[in-house]
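In case you want the letters, here they are:
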Amino acid sequence: MAVLNKIRQKSIVLIVVIAMALFAFVLSDLFRSGTLFGGNPDVLATINGKDVNRVEFMQRVENRQNQMGPQSSTMQTMNSVWEQELRTVVLETEFDKLGLSVEQDQMRDIIKESFAMYPEFQNEAGLFDENRMDAFISNLKDINPERAPLGNFMINYSEWANNEQALAKGALEQSYYNMIKAGVGATISEAEVEYRKDARTVDVKFAFVPFTKIADSLIEIKESDIKAYVDRNKDQFEVEATRDIVFVEFIETASETDEDNIKNSVTALLNDRVEFNESSKSNDTIKGFLNTKDIETFVNANSDIKLLDRFLTKRQLPAAYADSLITMPVGSITSVYKNNNLFQLTKVLEEMQVADSVKHSHIIVPYQGSNRAEGVTTTREEAQFMVDSLLPLVKNNKTKFNELASEINSDGSKSTNGEVGWTRLATFNPNAFDPDYADYIFYNPVGTVEIVETQYGFHIIRIDEAKNYERAIKIANLARRIEPSEETINEVFNQKGRFELAVQDKDFNEVAAENNYSVRPVNGVKELDERIPGLDNQRPIVRWAFEKGTKEGSVKSFPVAGRGFVVVQLVKKTPKGILNVEDATATALPKVRNEKKAAMIRASVKAATVEEFAANQGETVRTANAVNMASTTLAGAGNEPKVVGVASGLNEGATSKLIDGEKGVYMVQVTKVNEAPALDNYTAIMNRLTNARTGTVLSKVYEALKEKAEIEDNRALFY
């Protein structure tokens, strides 16, 4: 009884601990999402005063994710939906300000233009009939949510309504952009300026004192100098909120002992073993891989690779072992070998000669639900009955086969009497051939005609020719994955725990060095990032790094699916806004240093001509011909936009003042102006400028509106 009482007492304590942990978890989520003390949990963002409903937004993300499939992560899909929502709201704000709308008559014209070619909306003369369209829409309302055929697809009323909204939105955008385009064209005067900018050139002589002439050590730069530069160039130092982290990864990988044990377990399956049968109270002999008569059952019960009932050529075998496997006689078994992440034995079961190239023809009968069967009304049962009826007619009659193929087929083989042509086993595209289709054509003799069902429907396939035969073998692989044992996994977990505990009050890098752990830094992580370089998608780490309670120096461990764990430390928090002096120094320092060098050079110059300037500074006079605004490169100096700009604006014989360039301080004299000959007509240039401007108006206008928009983005609280 005393033991039971202790257990009960411990249970009560455990329940209390679990309850407190759950309560803390809920509280932390409430604090993080801002819903405990104000803030609307249903508002994901606010754009120009319009709330984006969280539930509706998440539903759209889920729907888009279902469409995109596994090739798109949740964050990628969410960002795509967000950009679409942002664009819609930002543009609608402008439409409302301007009073733009699509009236009913205009909407009817848009729908007519979009659907005029659909036979469902045409009369006997092939002309668009509005009454037929009205009847179609009315029917969609009556049968909603059921779908009705329209062209080559099916549609319900909700989808029709969404399509109308999309058409209206597109019409509004087009009207809006057309209005802007009307005001961004070029004039004849602008065309003339553009022409002269390209065609007018100047020949110059110049001298410059490079900044490298003054040693960096002679330049004293104070923190106030950096701050002043940042204040003058704030747009260059405006940044999003970011986090810098470091992490150590603890990977769950099989030890040498684990590998030896796995290899031995595969070897043990070769021979018969004796097991005690509890039912009969006697010993039973269990056949091993060497002696079993039922290979398929044995392999599927004992191997991590199921039996593949298919013949394989040399090219289809593991490259490292193909030479030896393809020459093994039927019935022979390899020793245990390592193949990627497996230890395995291979037994050759059968052999045959397989053609590398096969020429074949087919008759195809698709049915409702099969792939690429848009508009097909034939049921599967009807399609099967049809091919079963046709097979006796074409099995031994090539002419009849060809006639029916040209009549029935709906794919590219319709015009070739069903002939698909030559297909190579070594190079065929598995995405273009159903596996059952490919198995049939490659592993059946010439002259065979049979029915094969694939994802595209029923086929009657005829093997016409074959060439380039080679040996193929059917094999059984008895394999075990190389995985860490429970003991190894526990040890990795303990190593992670000891490290995480040690760095709570010690230097992260020092503890890692003591244990020979590799520390990996990741800088500039943004709030909506999900990928951590070296770890792929690790959104929980990013969310933790941006939580209010996570301070610089905070440490936390995270599981990494399929790999193990990471212990992460938040090293630095950079708030949104202008970089502080320390962070801006790396970028600003070279600029500030050159400004101070330019001031020193200017102070030392007493010259009115290029020659005097060069002599005064111990430099040479250089020349450059055909300098113009079309290129910012100055021959003999490099990219110098400011110097080229000044030179292009000088009259012949004029000398510039000192110019602070990219690489030094310059003085320039124009020795000759090569005026551009006047054109009779500048219309072509004007049209080119107009097209260039209107071609970019769509993206530039939207980007400008987005930058101006008032956006409160809370996505990071929910994703």
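As shown above, the structure is provided for reference.
What comes next concerns the included structure. For every chain, the first residue of the written sequence is number 1, and numbering continues from 1 along that sequence. Local features in this predicted model are restricted to residues whose pLDDT is 70 or higher, and side-chain atom pairs enter the listing and the counts only when it is 80 or higher, whereas totals over whole chains, interfaces and linings include all residues. Calculated side-chain values reflect all of the structure's heavy atoms, with hydrogen atoms and water omitted.

1. Quick word on the overall build of the protein
In this description a helix means any DSSP run of H or I spanning at least four residues, a strand means any run of E spanning at least two, and both kinds are numbered starting from the N terminus. The secondary structure content of the protein amounts to 21 helices and 26 strands. With the C-alpha coordinates aligned to their principal axes, the bounding extent of the protein is approximately 110 × 95 × 60 Å. Split by element, the accessible area of the protein, about 41,600 Å² in all, is 51% carbon and sulfur. Separation between the mean location of the 84 positive side-chain charges and that of the 104 negative ones in the protein comes to 5 Å. Computed with the Shrake-Rupley method and a 1.4 Å probe, the accessible areas treat only the protein chains shown as cover for residues. The charge count treats Lys and Arg as positive and Asp and Glu as negative. His and the chain ends do not count. To locate a charge, take NZ of a lysine, CZ of an arginine, CG of an aspartate or CD of a glutamate.

2. A look at the sheet that holds strand 19 (residues 564-574)
A sheet is described by the order of its strands in space; here 4 strands give the open sequence 15-7-19-18, paired in antiparallel fashion. The sheet terminates laterally at strand 15 (520-526) and strand 18 (555-560), the two strands that pair on one side only. Going across the sheet, the axis of each strand differs from the next one's by a mean of 35 degrees, ignoring polarity. Against the sheet, helix 15 (residues 486-502) touches strand 7 (242-251), strand 18 and strand 19, its axis set at about 140 degrees to strand 7. In this description, strands pair whenever DSSP reports at least two bridges between them. Lines fitted to C-alpha atoms define the axes here, with helix axes fitted over just the stretch in contact, and angles between the N-to-C directions of these axes take values from 0 to 180 degrees. Two residues qualify as a contact provided that any one of their heavy atoms is within 4.5 Å of a heavy atom in the partner residue.

3. So, the sheet that holds strand 2 (residues 50-53)
Spatially, the 3 strands line up as an open sheet ordered 2-1-26, and their pairing is antiparallel. Where the open sheet ends on each side, the last strands, each with one partner, are strand 2 and strand 26 (711-713). Direction aside, neighbouring strands of the sheet carry axes that sit 25 degrees apart on average. Of the pairings in the sheet, the one linking strand 1 (residues 43-47) to strand 2 comprises 4 bridges and is antiparallel in character. Along strand 2, the bridge assignment pairs Thr46 with Asp51. Across the sheet, helix 2 (residues 54-68) lies against strand 1 and strand 2, angled at about 55 degrees from strand 2, the strand it touches most.

4. Points about the side chain of Ser332
Topologically, Ser332 is positioned in the loop between helix 11 (322-325) and strand 10 (337-339). Working definition: with a 1.4 Å probe on protein chains only, accessible area under 20% of the residue-type maximum means buried, over 50% means exposed, and in between means partly exposed. Residue classification places Ser332 among the buried positions, given a relative accessible area of 19%. A distance of 2.6 Å separates a polar side-chain atom of Ser332 from the backbone oxygen of Pro329. In contact with Ser332, not counting residues within four places along its chain, are Thr346, Lys347 and Val348. For this analysis, a polar contact is any N or O atom pair within 3.5 Å, provided that within protein one partner can donate a hydrogen and the other can accept it, and provided that sequence-adjacent residues contribute only side-chain to side-chain pairs.

5. Notes on the packing of helix 6 (residues 157-181) against helix 21 (residues 683-708)
Between helix 6 and helix 21, the shortest axis-to-axis distance is 10 Å and the interhelical angle comes to 110 degrees. With respect to helix 21, the element helix 6 is oriented roughly perpendicular. Residue-level contacts link Tyr176, Tyr177, Ile180 and Lys181 of helix 6 to Thr694, Val697, Leu698, Val701, Tyr702 and Leu705 of helix 21. A per-class count over the contact of helix 6 with helix 21 returns 8 nonpolar, 1 polar and 1 charged. Each angle is binned into one of four classes, with values under 35 degrees roughly parallel, values over 145 roughly antiparallel, values of 65 to 115 roughly perpendicular, and all other values oblique. Residues are grouped as follows: Ala, Val, Leu, Ile, Met, Phe, Trp, Tyr, Cys and Pro are nonpolar; Asp, Glu, Lys and Arg are charged; all remaining types, including Gly, are polar.

6. Comments concerning the nonpolar core
Residue types Ala, Val, Leu, Ile, Met, Phe, Trp, Tyr and Cys, when buried and joined through side-chain atoms within 4.5 Å, form a set referred to as a nonpolar core. By size, the foremost hydrophobic cluster in this structure holds 25 residues, and its most contacted members are Leu44, Phe57, Trp82 and Tyr719. Counting residues per element, the ones that place at least two in this core are strand 1, helix 2, helix 3 (74-98), helix 6 and helix 21. When residues of this core are assigned to their parent elements, the largest contribution, 9 residues, is made by helix 3. Every residue in contact with Leu44, bar those within four places of it in the chain, is listed here: Val52, Arg54, Phe57, Trp82, Glu712, Asp713, Asn714, Arg715, Phe718 and Tyr719.

7. Focus on a negative patch on the surface
A cluster of acidic side chains, namely Glu103, Asp105, Asp109 and Glu113, defines a negative patch on the protein surface. Secondary-structure assignment places Glu103 in the loop between helix 3 and helix 4 (104-115). Patch definition: residues above 30% relative accessible area lacking any salt bridge, with like charges linked at up to 9 Å and the nonpolar side chains Val, Leu, Ile, Met, Phe, Trp and Tyr linked at up to 5 Å. When a carboxyl oxygen of Asp or Glu is within 4 Å of a side-chain nitrogen of Lys or Arg, the pair counts as a salt bridge.

8. So, the pattern of salt bridges
What the rule picks out here adds up to 48 salt bridges. With a closest N to O distance of 3.1 Å, Glu491 and Arg498 form a salt bridge. Overall, Glu491 belongs to the partly exposed group, its relative accessible area being 35%. The class for Arg498 is partly exposed, based on a relative accessible area of 49%. A single network of salt bridges, built from pairs that share partners, joins Arg315, Asp356, Arg424 and Glu470.

9. Thoughts on the pairing of strand 25 (residues 664-674)
Of all 11 residues making up strand 25, 8 are buried, and the element is well covered by its neighbours. Sheet analysis places strand 5 (residues 201-210) next to strand 25, joined by 10 bridges and oriented antiparallel. For Val209, the partnering residue across the bridge sits in strand 25 and is Val665. Taken together, strand 24 (residues 659-660) and the strand that follows it, strand 25, pair antiparallel across an intervening segment of 3 residues.

10. Details of helix 13 (residues 398-408)
Buried residues of helix 13: Phe401, Asn402, Leu404 and Ala405, and no others. Looking at the buried side of helix 13, the elements it contacts are strand 11 (342-365), helix 12 (380-394), strand 13 (449-454) and strand 14 (457-481). Taking the backbone nitrogen of Thr399 as reference, a side-chain oxygen 3.2 Å away marks Asn397 as the first, capping residue of helix 13.

11. Examining the packing of helix 12 against helix 13
Packing of helix 12 against helix 13 leaves a shortest axis separation of 9 Å and a crossing angle of 145 degrees. In this structure, helix 12 crosses over helix 13, and the sense of that crossing is right-handed. For the pair formed by helix 12 and helix 13, the contact residues are Met386, Leu390, Leu393 and Val394 on the first element and Lys400, Phe401, Leu404 and Ile408 on the second. Here the contact of helix 12 with helix 13 is built from residues that sort into 7 nonpolar, no polar and 1 charged. Note: crossing handedness is left-handed where the near helix turns anticlockwise from the far helix by less than a right angle, and right-handed where it turns clockwise.

12. Quick word on helix 10 (residues 295-302)
For an α-helix the count is 3.6 residues per turn, leaving residues at separations of three or four pointing the same way. By the burial criterion, the buried members of helix 10 are Ile295, Phe298, Val299 and Asn302. All buried residues of helix 10 project into a common sector of 95 degrees when viewed along the axis, lining one side. Summarising the contacts, the buried residues of helix 10 are in contact with strand 11 and strand 14. To be clear, the arc concerns the directions from the helix axis to the C-beta atoms.

13. Structural notes on unusual backbone geometry
Asn144 connects to Pro145 through a cis peptide bond whose omega is 10 degrees. By secondary structure assignment, the location of Pro145 is in the loop between helix 5 (130-143) and strand 3 (148-150). With a phi close to 50 degrees, Asn48 is a non-glycine residue in the positive phi region. When you line up the elements, Asn48 lands in the loop between strand 1 and strand 2. The phi dihedral of Asn340 is positive, around 55 degrees, even though this residue is not glycine.

14. Some thoughts on the packing of aromatic side chains
When two rings of Phe, Tyr or Trp (its six-membered ring) have centres within 6.5 Å they constitute a pair, described as stacked for plane angles under 30 degrees, edge-to-face for angles over 60, and tilted for the intermediate range. Under the defined criterion, the tally for this structure stands at 26 aromatic pairs. Ring geometry for Phe121 and Phe128: centres 6.5 Å apart, planes at 80 degrees, overall edge-to-face. With relative accessibility at 0%, the residue Phe121 sits in the buried group. The exposure class assigned to Phe128 is buried, which follows from its relative accessible area of 18%. Cluster of aromatic residues (ring-pair linked, three or more members): Phe115, Tyr118, Phe121, Phe128, Phe136, Phe153 and Trp160. Here Arg462 stacks its cationic end above the ring of Phe401, 4.3 Å away from the centre of that ring. Working rule: Lys NZ or Arg CZ, within 6 Å of ring centre, within 35 degrees of ring normal, means a charge sits over the ring. The side chain of Lys467 reaches across the aromatic face of Trp422, ending 4.5 Å from its centre.

15. Quick notes on the environment of Gln353
Relative to the helices and strands, Gln353 is located in strand 11. It is 18 Å that separates the C-alpha atoms of Gln353 and Trp422, two residues lying 69 residues apart in sequence.

16. Regarding the environment of Val643
As for its placement among the helices and strands, Val643 is situated in helix 20 (residues 641-648). Residue class for Val643 comes out buried when judged on its relative accessible area of 1%. Spatially, the C-alpha atom of Val643 lies 8.9 Å from that of Glu662, the residues being 19 residues apart in sequence. Residues contacting Val643, with those up to four places away along its chain left out, are Leu634, Ile659, Gly661, Tyr666 and Val668.

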